[in-house]
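Observations on chain architecture
Read off the chains here:
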Amino acid sequence: MNLTEEQIAQNWQALIRKIDTNFEGKRKDQLKSMYESFAERMMLAPASGIEHFHNCFAGGYVDHVLRVMDCSEKLHDLWSSMGADMSNYTKEELMFCALNHDLGKVGDKENEYYVPNPSEWHRKNQGKIYDPNPKIQHMTVPHRSIWLLSNYGITFSQNEMIGILTHDGVYDSANDAYLKPWGKEKALWNNLPIVLHHADHMASRIEYENWKGGNTIKQVLDTKPKFVKKPSTKNLSTNGSAQDMFKDLFGEA
C-alpha cells in the first residue's frame, strides 16, 4: 500500500493544523518548531518496519498519528458519554499524548529511525521492508519520544509522561508497574493511558485491515497545501532514503 505525493503533503498539513487547533501559546510554537525541523524526514517515515504490522510505507507515520488523534478524541467522548470519570485529565493532555506517542520513531536529531532493508529476500518473504537504524542509540520508542520532547524544551505534565510511556498497554511488559498494580494506591489516577492505548490499538488494527484488504487510504481534508506540485499518479517507493524520496517528490529545497 502506498500514498501518493499529494496525500503525503496533505497529511502533513493536516498534522500541522491539529497542532494549531489543539494547543496554544509557547508550547504550540515549540511543537510546531520541532515538527517543522523534522518535516522532510517525518512526512515520509513509515509507522512500522514490517508490512503486516501497520502503515509500513512512506508517509505511514503521519497517517497513523492523525488516525490515533481522531480515535483518541472519539473514544474520550464515548467513555464520557458512558459515565466514565474523565475529570482527572484534560483534552489537551490527551491530544498531546496522541500527537507524540510514537515520536521516537522519527529517530534522533541527526538520523532517521527506520532505514530501507537491503535484503531483498527478507523484504519479499518476511515483509521486513525497513530495519532499525544501527547508527542511533538503542532506546525504546516511548523513551525516545520523551527524550526528544525534553531536548526541544517542550514541557509536559505527569499525565502526559505516563500516557506516552504506557501507550502500548499490556503488550509491553515495561508497563506492568503502571497497568498491573498490586495495591490500590498504585492504580492509575485517570483513564488517559487506557483511552490512548485503545485509540492506538484501534488505529493499528484498522491499518492492518487496510493492508490485508489492499484498501486505498482515504483522507478527508479541508485544504490543499500550497507547496505541493501538480499531483502525480506515481506512488512512493520504499527504496532509498527519506531525503532521496523527498527530493523525488518535491525537488531540491
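This structure is a prediction, so every number in the text was calculated from the model and none was measured.

**Re the confidence of the model for the chain**
For the chain, the average pLDDT comes to 86, and 84% of its residues sit at 70 or higher. The least confident element of the chain, judged by mean pLDDT, is helix α11 (residues 242-250) at 47; the most confident is helix α5 (residues 91-100) at 98. In this model, residues 217-240 is a region of pLDDT below 50 whose contacts with residues beyond four sequence positions or in other chains number 58 contacts. Low pLDDT, under 50, characterises residues 248-253; the stretch is placed with 14 contacts to residues that sit more than four places away or in other chains.

**Remarks on the nonpolar core**
Core analysis: the biggest nonpolar cluster contains 47 residues, and Trp12, Leu15, Leu31, Tyr35, Met42, Leu99 and Leu103 have the highest contact counts within it. Secondary structure elements with two or more residues in this core: α1 (5-22), α2 (25-37), α3 (39-42), α4 (60-81), α5, α7 (141-151), α8 (158-165) and α10 (192-213). Not counting residues within four places of it along the chain, the set of residues in contact with Leu103 comprises Met34, Tyr35, Met42, Tyr61, Ser145, Leu148 and Leu149. With 7 residues, the next largest nonpolar core counts Cys56, Tyr114, Ile136 and Val141 among its residues.

**Focus: the packing of α4 against α10**
For the pair α4 and α10, the least separation of the axes is 8 Å and the interaxial angle reads 130°. Taken together, α4 and α10 sit at an angle that is classed as oblique. Crossing of α4 over α10 shows right-handed handedness. Seen from α4, the contacting residues are Asp63, His64, Arg67, Val68, Cys71, Ser72, Leu75, His76 and Trp79; seen from α10, they are Ile194, Val195, Leu196, His198, Ala199, Asp200, Met202, Ala203, Ser204, Ile206, Glu207 and Asn210. Grouping the amino acids of the contact of α4 with α10 by side-chain chemistry returns 11 nonpolar, 6 polar and 4 charged.

**A word on the packing of aromatic side chains**
In the structure shown here, the tally under the stated rule is 5 aromatic pairs. Relative to Phe96, the ring of Phe23 lies with its centre 6.2 Å away and its plane at 85°, an arrangement referred to as edge-to-face. Placement of the pair is Phe23 in the loop between α1 and α2 and Phe96 in helix α5, with a sequence separation of 73 residues. Taking the relative accessible area as the measure of exposure, Phe23 reaches 4% and is therefore buried.

**What about the packing of α5 against α10?**
Put simply, α5 and α10 touch, their axes get as near as 10 Å, and they point 40° apart. In terms of axis orientation, α5 runs oblique to α10. Judged by the sense of rotation from one axis to the other, the crossing of α5 with α10 is right-handed. Along its contact with α5, which presents Glu93, Leu94, Cys97 and Ala98, the element α10 presents Leu192, Val195 and Leu196. In terms of residue class, the contact of α5 with α10 is made up of 6 nonpolar, no polar and 1 charged.

**Brief notes about the side chain of His197**
When you line up the elements, His197 lands in helix α10. Exposure remark for His197: the relative accessible area of 14% places this residue in the buried category. When neighbours within four sequence positions are excluded, His197 is seen to be in contact with His167, Asp168, Gly169 and Tyr171.

**Some words on the environment of Asp168**
Relative to the elements of secondary structure, Asp168 occurs in the loop between α8 and α9 (176-179). A C-alpha to C-alpha distance of 8.8 Å links Asp168 and Leu196, two positions 28 residues apart in sequence. What Asp168 contacts, discounting residues up to four positions off in sequence, is Asn175, His197 and Asp200. Of note is the side chain of Asp168, whose polar atom sits 3.5 Å from the side chain of His167.

**Let's talk about α10**
For α10, which comprises 22 residues, the first-to-last C-alpha distance of 31 Å matches the rise-based estimate of 32 Å (1.5 Å per residue) to within 8%. Turning to α10, its buried residues number three or more, namely Leu192, Pro193, Val195, Leu196, His197, Ala199, Asp200, Ala203, Ser204, Glu207 and Asn210. Gly214, located one to two residues past α10, shows a positive phi value of around 65°.

Quick notes on the rules
- Residues numbered from 1 in each chain as written.
- Predicted model: local features only at pLDDT ≥ 70, side-chain atom pairs only at ≥ 80, totals over all residues.
- Heavy atoms only, no water.
- pLDDT = per-residue confidence, 0-100.
- Helix = DSSP H or I, 4+ residues; strand = E, 2+ residues; numbered from the N terminus.
- Contact = heavy atoms within 4.5 Å.
- Core = buried A, V, L, I, M, F, W, Y, C linked by side-chain atoms within 4.5 Å.
- Buried < 20%, exposed > 50% of the residue type's maximum accessible area, 1.4 Å probe, protein only.
- Axes fitted to C-alpha atoms, helices over the stretch in contact; angles between N-to-C directions.
- Parallel < 35°, antiparallel > 145°, perpendicular 65-115°, else oblique.
- Left-handed = near helix turned anticlockwise from the far one by under 90°.
- Nonpolar A, V, L, I, M, F, W, Y, C, P; charged D, E, K, R; others polar.
- Phe/Tyr/Trp six-rings, centres within 6.5 Å; stacked < 30°, edge-to-face > 60°.
- Polar contact = N/O pair within 3.5 Å; in protein donor to acceptor, adjacent residues only side chain to side chain.
- Expected span 1.5 Å × (residues − 1).

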